Amino acid sequence: MSITHTTPQERTASLASHLTDALARSFTLGVDATGSTHHYYRPADAVVVFNGRELDHFQPLDGRPLAEWQEFVAQERGWASLGQLARVGLQVDTERKEAHA
């Protein structure tokens, strides 16, 4: 049986990669002015909106940048708050979709 040792830098790089991958799969975009919570779910490339515990809306993005949804909500309802990881998640989504365009 062999043991593989990793350096702290390798562990940090691996952790960063894991967090980026996890973030890109799903994160809270924010809470709009009506109190609904918007979550991005990457496997479906969609936004899921909950009003309390009830599903309010499911919006497939079909390859469009998540930033378009953020702007749409800003104009239609306004944002009460953004999720803690929203800015990073929006950036990851934009970079991923631009790379595949």
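Since the model is a prediction, treat every value here as computed from it, not as a measurement.

About the criteria used
Residues numbered from 1 in each chain as written. Predicted model: local features only at pLDDT ≥ 70, side-chain atom pairs only at ≥ 80, totals over all residues. Heavy atoms only, no water. Core = buried A, V, L, I, M, F, W, Y, C linked by side-chain atoms within 4.5 Å. Buried < 20%, exposed > 50% of the residue type's maximum accessible area, 1.4 Å probe, protein only. Helix = DSSP H or I, 4+ residues; strand = E, 2+ residues; numbered from the N terminus. Contact = heavy atoms within 4.5 Å. Phe/Tyr/Trp six-rings, centres within 6.5 Å; stacked < 30°, edge-to-face > 60°. Polar contact = N/O pair within 3.5 Å; in protein donor to acceptor, adjacent residues only side chain to side chain. Expected span 1.5 Å × (residues − 1). Arc of directions from axis to C-beta. Pairing = 2+ DSSP bridges.

### Thoughts on the nonpolar core
So, step 1. Membership of the largest hydrophobic core is limited to 11 residues, which are Phe27, Leu29, Tyr40, Val47, Val49, Leu61, Leu66, Trp69, Val73, Ala86 and Leu90.
So, step 2. Put simply, the parts of the chain that give this core at least two residues each are strand 1 (26–32), strand 3 (46–51), helix 2 (66–76) and helix 3 (86–99).
So, step 3. A per-element tally of this core places helix 2 first, with 3 residues.
So, step 4. Those residues in contact with Leu29 that lie beyond four places of it in its chain are His38, His39, Leu66, Trp69, Gln70, Trp79, Leu82, Gly83, Ala86 and Leu90.

### Observations concerning the packing of aromatic side chains
So, step 1. Inspection of the entire model under this criterion finds 2 aromatic pairs.
So, step 2. Between Trp69 and Phe72, the aromatic rings sit 5.4 Å apart at their centres with planes inclined by 40 degrees, giving tilted as the arrangement. Placement of both Trp69 and Phe72 in helix 2 is noted, with a separation of 3 residues, approximately one turn of the helix.
So, step 3. Looking at Phe72, the relative accessible area reads 42%, which means it is partly exposed.

### Some remarks on the side chain of Lys97
So, step 1. For Lys97, the position within the fold is in helix 3.
So, step 2. A distance of 2.7 Å separates the side chain of Lys97 from the side chain of Asp45, its partner in a polar contact.
So, step 3. Excluding residues that lie within four positions of it along the chain, Lys97 makes contacts with Tyr40, Asp45, Leu61, Gly63, Arg64, Pro65 and Leu66.

### Observations concerning the side chain of Ser36
So, step 1. Note that Ser36 resides in the loop between strand 1 and strand 2 (37–41).
So, step 2. Not counting residues up to four positions away in its chain, the partners in contact with Ser36 are Gly30, Val31, Val49, Phe50, Asn51, Asp56 and Arg77.

### Re helix 3
So, step 1. Counted at 1.5 Å a residue, the expected span for helix 3 with its 14 residues is 20 Å, and the 20 Å between its end C-alpha atoms agrees.
So, step 2. Turning to helix 3, its buried residues are Ala86, Gly89, Leu90, Val92, Asp93 and Lys97. Looking straight down helix 3, one finds its buried side chains confined to an arc of 165 degrees; they lie on one side. Exposed and facing more than 90 degrees away from the buried side of helix 3 are Arg87, Glu98 and Ala99.

### Some details on the environment of Arg53
So, step 1. Checked against the element boundaries, Arg53 lands in the loop between strand 3 and strand 4 (54–60).
So, step 2. For the pair Arg53 and Thr37, spaced 16 residues apart in sequence, the C-alpha to C-alpha distance is 9.5 Å.

### Details of the pairing of strand 1
So, step 1. Pairing between strand 1 and strand 2: 5 bridges, direction antiparallel. Pairing of Ser26 across the sheet is with Tyr41, part of strand 2.
So, step 2. Pairing of strand 1 with strand 5 (residues 79–82), which is carried by 3 bridges, proceeds in the antiparallel orientation. If you follow Val31 over to strand 5, its bridge partner there is Ser81.

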